[in-house]
Amino acid sequence: MIGVGMNLEQFANFIHDYAQRLEALKDTLNELDNRIGDGDHGTNMARGFHTAQQQLQAKSPEDLGAACNVVAMALLGSVGGASGPLYGTIFMKLGGALKNLAQADIEQLIEGLQAAKTGIIERGKAQFGDKTMLDVWEPTLEYVTAHSCDEELLQAVMVARIAALETRDRVAKKGRAAYLGPRSAGTCDPGSVSSGLFFEVLISAWRGGVETIPWETLVL
Ligand code: ADP
Ligand code: MG
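## Observations concerning the side chain of lysine 117
Working step 1: Examined against the element boundaries, lysine 117 turns out to sit in helix H6 (residues 106-124).
Working step 2: Not counting residues within four places of it along the chain, the set of residues in contact with lysine 117 comprises Leu134, Trp137, Glu138 and Leu141.

Structure representation (structure tokens):
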């Protein structure tokens, strides 16, 4: 693939934009988590990525691997609950794949995201369909791996969006929502929504031209 990739500046923009969008979506994510969990997913994510962004600015890492590690450490240090270790693992694995790179091409990024997905599974032991963030990671990465040319990449945002919304009707098998059993159906999984937003903002940082998804109105 030519032209699509990510350098340090784009990575910093990604973290900055993701932190901002999470702050704006905080109440919505908390409301989803309130319905099927303990109501803190928005607060957790907004706090974690705000800290990550500040740490990135303060430490000015020199390559993508180091930048991912700064984000991972910030998330592990500032977010409790399930999502801190899970998103921390995502950036730790991504950092391993992008070690010493000032710039990554699409293949390297996809390799890093695959490693991140494997990390989510190793840590959380969830399967696709369990109503966790994996329900978004699995189909979105499958799509991105098969369709990594520039134009098609844009469609990956749509895949992530649909995948997040499809968690609504599922019964949770992992995480706090699983305690509700069948009563967990009817609400979108908050971690799937924050992951859908992750892919929206990430792909926007890769290649631009991504239309903003109105998550607030779609998920509530
Ligand atoms: P907590 O559940 O500890 O309060 P958060 O509310 O921040 O943590 O995050 C909840 C989200 O974490 C869920 O919506 C789900 O997507 C994700 N999650 C929970 N458990 C798992 C797991 N075992 N594997 C993958 N993702 C999980
Ligand atoms: Mg919670």
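## Overview of the coordination of the magnesium ion (ligand 2)
Working step 1: Only Asp33 (OD), Asp38 (OD) and Asp40 (OD) from the protein reach the magnesium ion (ligand 2) as donors, at distances of 2.0 to 2.1 Å.
Working step 2: Along the chain, the residues that donate to the magnesium ion (ligand 2) are spaced as D-x4-D-x1-D.
Working step 3: Overall, aspartate 38 belongs to the partly exposed group, its relative accessible area being 35%.

## Thoughts on the packing of helix H1 (residues 8-24) against helix H9 (residues 190-207)
Working step 1: Packing of H1 against H9 leaves a shortest axis separation of 9 Å and a crossing angle of 145°. Every pair of crossing elements has a handedness; the one defined by H1 and H9 is right-handed. Along its contact with H1, which presents Gln10, Phe14, Asp17, Tyr18, Arg21 and Leu22, the element H9 presents Ser194, Ser195, Leu197, Phe198, Glu200, Val201, Leu202, Ala205 and Trp206.
Working step 2: For the contact of H1 with H9, the class distribution of residues is 9 nonpolar, 3 polar and 3 charged.

## Side note on a nonpolar patch on the surface
Working step 1: On the surface, a nonpolar cluster with roughly 270 Å² of combined accessible area is contributed by Met73, Leu76 and Met92.
Working step 2: Within the fold, methionine 92 resides in helix H5 (residues 83-97).

## Structural notes on the nonpolar core
Working step 1: If you look at the biggest cluster of nonpolar residues, it comprises 64 residues, and the most contacted ones within it are Phe11, Phe14, Tyr18, Phe49, Phe91, Trp137 and Phe198.
Working step 2: The element best represented in this core is H9, accounting for 9 residues.
Working step 3: Look past the residues within four positions of phenylalanine 91 in its chain and what remains in contact with it is Phe11, Phe14, Ile15, Phe49, Cys68, Val71, Ala72, Leu75 and Phe198.

## Digging into the pattern of salt bridges
Working step 1: Counted according to the given criterion, the structure contains 8 salt bridges.
Working step 2: A salt bridge links arginine 176 to aspartate 38, with the nearest nitrogen and oxygen atoms 3.1 Å apart. Residue arginine 176 is located in the loop between helix H8 (150-166) and H9, and its partner aspartate 38 is located in the loop between helix H2 (26-36) and helix H3 (41-59); the two are separated by 138 residues in the primary sequence.
Working step 3: Here glutamate 138 makes a salt bridge to lysine 117, at a shortest N to O gap of 3.0 Å. Of this pair, glutamate 138 sits in helix H7 (residues 134-146) while lysine 117 sits in helix H6, and the two are 21 residues apart along the sequence.
Working step 4: On the accessibility criterion, glutamate 138 (22% relative accessible area) is partly exposed.

## What to know about H3
Given 3.6 residues to a turn, an α-helix orients residues that are three or four positions apart in the same direction.
Working step 1: In this model, H3 (19 residues) spans 27 Å end to end at C-alpha, consistent with the 27 Å of a helix rising 1.5 Å per residue.
Working step 2: Turning to H3, its buried residues are His41, Gly42, Asn44, Met45, Ala46, Gly48, Phe49, Ala52, Gln53 and Leu56.
Working step 3: Residues of H3 that are buried make contact with H1, H2, helix H4 (64-78), H5 and H9.
Working step 4: Looking at the residues trailing H3, positive phi occurs at serine 60, about 40°.

## Things to note about the environment of arginine 176
Working step 1: Separated by 140 residues in the primary sequence, arginine 176 and isoleucine 36 place their C-alpha atoms 7.4 Å from one another.
Working step 2: In this structure, arginine 176 is in contact with Ile36, Gly37 and Asp38, ignoring residues within four places of it in sequence.
Working step 3: Side chain to side chain, arginine 176 and aspartate 38 meet in a polar contact 3.1 Å long.

Thresholds applied
- Residues numbered from 1 in each chain as written.
- Chains lettered and ligands numbered in written order.
- Predicted model: local features only at pLDDT ≥ 70, side-chain atom pairs only at ≥ 80, totals over all residues.
- Heavy atoms only, no water.
- Helix = DSSP H or I, 4+ residues; strand = E, 2+ residues; numbered from the N terminus.
- Contact = heavy atoms within 4.5 Å.
- Donors = N, O, S within 2.8 Å, 3.2 Å for Na, K, Ca; no water.
- Buried < 20%, exposed > 50% of the residue type's maximum accessible area, 1.4 Å probe, protein only.
- Axes fitted to C-alpha atoms, helices over the stretch in contact; angles between N-to-C directions.
- Left-handed = near helix turned anticlockwise from the far one by under 90°.
- Nonpolar A, V, L, I, M, F, W, Y, C, P; charged D, E, K, R; others polar.
- Patch = residues over 30% accessible without salt bridge, like charges linked within 9 Å, V, L, I, M, F, W, Y side chains within 5 Å.
- Areas by Shrake-Rupley, 256 points an atom, 1.4 Å probe, with all protein chains shown as cover.
- Salt bridge = Lys/Arg side-chain N within 4 Å of Asp/Glu carboxyl O.
- Core = buried A, V, L, I, M, F, W, Y, C linked by side-chain atoms within 4.5 Å.
- Expected span 1.5 Å × (residues − 1).
- Polar contact = N/O pair within 3.5 Å; in protein donor to acceptor, adjacent residues only side chain to side chain.

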